[in-house]
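# Structural characterization, general
Single-letter residue listing:
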Amino acid sequence: MADGRLADPLEEELEEESAPRLRLSRRGIVVLGAFAAAVLGGLAWLVFYSSVLDVRDVAVQGAGDGKLTADQVREAVGGLADGPLARVDLDQVTRRVEAIPRVAKAEVWRGWPHTLQVKVVQRTAVAAVKGEDGQFTQVDAAGVSFATEGAAPEGVPVVELRLSQQAKDASGVITRTQLVQGAVAVAAALPPEIAKRTGAVLVHSYDAIELQLSGGVTVRWGSPEQNDRKARVLQALMAQKGANFDVSAPEAPAVSG
């Protein structure tokens, strides 16, 4: 004791007995555990199996511009959005939406309590490839073809094959598909201000690609190699007046006319 007195054993025993204690019998513990399990089971049933938290809406972002509609995205999702929101397979929904040709990327998440959220990023055309049937196939920077229409989008260069006889004879070595891919890569490398002025990307052969710009300007590009460097050189070169630009050898560009 602080005052120097010896502790009274009887007093300590009375203090211990007077302190409240919470004790559960084995049966009580079982009952409490069963109750907790029942509550968790009820919640799980409510979330995963009942209709209380069913999907009632598929909200779409990034569509509705006239090229890709929200209804097209919802149609791709289809029956995957039926039933409880918690049971929707988000990965499978993502794969279905990204299978839409115009969609480059999709993000899907749950918007509790009743909404499946879908955000899409659409492909952007860097070139339109003119086919033999007169149709124009839009291609993005990754080389993916995603739409074919009767006219090229405004401000998008048109790729045309105007092959020389030598290029036609070499078709077994360099195919038409490879030539088109090369021309698309050239279009993708153009700075935006030049791409908007480029009406056509003409392919005469693998080593003879030519750009036709507004105002009667012609650019001799050469092969689809060193595209980024050629684009930088052309951008600097166009500060000069001229009708003909040559960046086929970017280390020795030329301007004439």
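For the structure itself, look to the data block above.
Residues numbered from 1 in each chain as written. Predicted model: local features only at pLDDT ≥ 70, side-chain atom pairs only at ≥ 80, totals over all residues. Heavy atoms only, no water.

### Observations regarding the overall build of the protein
Applicable threshold: Runs of E in the DSSP output that reach at least two residues are strands. Runs of H or I that reach at least four are helices, and both are numbered from the N terminus. For every residue, the accessible area (1.4 Å probe, protein chains only) is compared with the maximum for its type, and the residue is labelled buried under 20%, exposed over 50%, or partly exposed between those bounds. In what follows, residue pairs with any heavy atoms lying within 4.5 Å of each other are defined as contacts. Areas reported here follow the Shrake-Rupley algorithm with a probe of radius 1.4 Å; residue values treat only the protein chains shown as occluding.
Helices and strands together make up the secondary structure of the protein, namely eight helices and twelve strands. Burial statistics for the protein: of 257 residues in total, 35% are counted as buried. Partitioning the contacts of the protein with sequence separation of at least 6, the portion at a separation of at least 24 is 46%. Carbon and sulfur atoms form 52% of the exposed surface of the protein, whose accessible area is close to 15,700 Å².

### Re the pairing of strand β4 (residues 125-130)
The criterion, for reference: Any two strands with at least two DSSP bridges between them are considered paired.
Buried residues dominate β4, accounting for five of its six residues. Pairing analysis gives five bridges linking β4 to strand β5 (residues 136-140), with the strands arranged antiparallel. Bridging from a neighbouring strand, Ala-125 pairs with Asp-140 of β5. The hairpin turn running from β4 into β5, its antiparallel successor, is five residues long, and Gly-134 in that turn takes a positive phi close to 85°. Two elements, β4 and strand β7 (residues 158-161), share two bridges in a ladder whose sense is parallel. Residue Ala-128 lies in a different strand from β7, and its bridge partner there is Val-158.

### Comments concerning helix α8 (residues 227-237)
This is how the line gets drawn: It is the directions from the helix axis to the C-beta atoms that the arc portrays.
Of all the positions in α8, only Asn-227, Lys-230, Ala-231, Val-233, Leu-234 and Leu-237 are classed as buried. Axial view of α8: buried residues confined to an arc of 165°, hence all on one face. Structural note: α8 exposes Asp-228, Arg-232 and Ala-236 on the side pointing more than 90 degrees away from its buried face. Check the buried side of α8 and you find it contacts α6 (176-189), α7 (192-195), β9 (208-213), β10 (217-222), β11 (244-246) and β12 (254-256).

### Thoughts on the nonpolar core
Operational definition: Working definition of a nonpolar core: buried Ala, Val, Leu, Ile, Met, Phe, Trp, Tyr and Cys residues. They are joined through side-chain atoms within 4.5 Å.
Of all hydrophobic cores here, the largest spans 31 residues; its most connected members are Leu-211, Val-219, Trp-221 and Leu-234. Counting 22 residues, the second largest nonpolar core, distinct from the first, contains Val-60, Ala-70, Val-108 and Val-120.

### Here's the deal with the sheet that holds β5
We apply this condition: The axes are straight lines fitted to the C-alpha atoms, using for helices just the contacting stretch, and the angles between their N-to-C directions are given from 0 to 180°.
Strand order in the open sheet made by the nine strands is β6-β5-β4-β7-β8-β9-β10-β11-β12, with mixed pairing throughout. Two strands in the sheet have a free side with no partner beyond their single neighbour: β6 (145-149) and β12. Averaged over all neighbouring strand pairs, the angle between strand axes comes to 25°, with direction disregarded. With four bridges joining them, β7 and strand β8 (residues 198-205) adopt parallel strand pairing.

### Notes on the pattern of salt bridges
Operational definition: By convention in these notes, a salt bridge is any Lys or Arg side-chain nitrogen within 4 Å of a carboxyl oxygen on Asp or Glu.
Applying the stated rule across the entire model yields six salt bridges. A salt bridge links Asp-246 to Arg-220; the shortest N-O distance between them is 3.3 Å. Residue Asp-246 is located in strand β11, and its partner Arg-220 is located in strand β10; the two are separated by 26 residues in the primary sequence.

### Quick word on the packing of α6 against α8
Using the following cut-off: Throughout this description, any angle smaller than 35 degrees is read as roughly parallel, any larger than 145 degrees as roughly antiparallel, any in the 65 to 115 degree range as roughly perpendicular, and the remainder as oblique. Note on convention: the crossing is left-handed when the near helix lies turned anticlockwise from the far helix by less than a right angle, right-handed when the turn is clockwise. Gly falls in the polar group here, along with every residue not listed as nonpolar (Ala, Val, Leu, Ile, Met, Phe, Trp, Tyr, Cys, Pro) or charged (Asp, Glu, Lys, Arg).
Closest axis-to-axis distance for the α6/α8 pair is 9 Å, and the angle between their directions is 45°. Between α6 and α8, the interaxial angle falls into the category oblique. The chirality of how α6 crosses α8 is right-handed. Here α6 contributes Ala-185, Val-186 and Ala-189 to the contact with α8, which in turn contributes Asn-227, Asp-228 and Ala-231. Looking at the contact of α6 with α8 residue by residue, the classes come out as four nonpolar, one polar and one charged.

Structural measurements only, silent on function.
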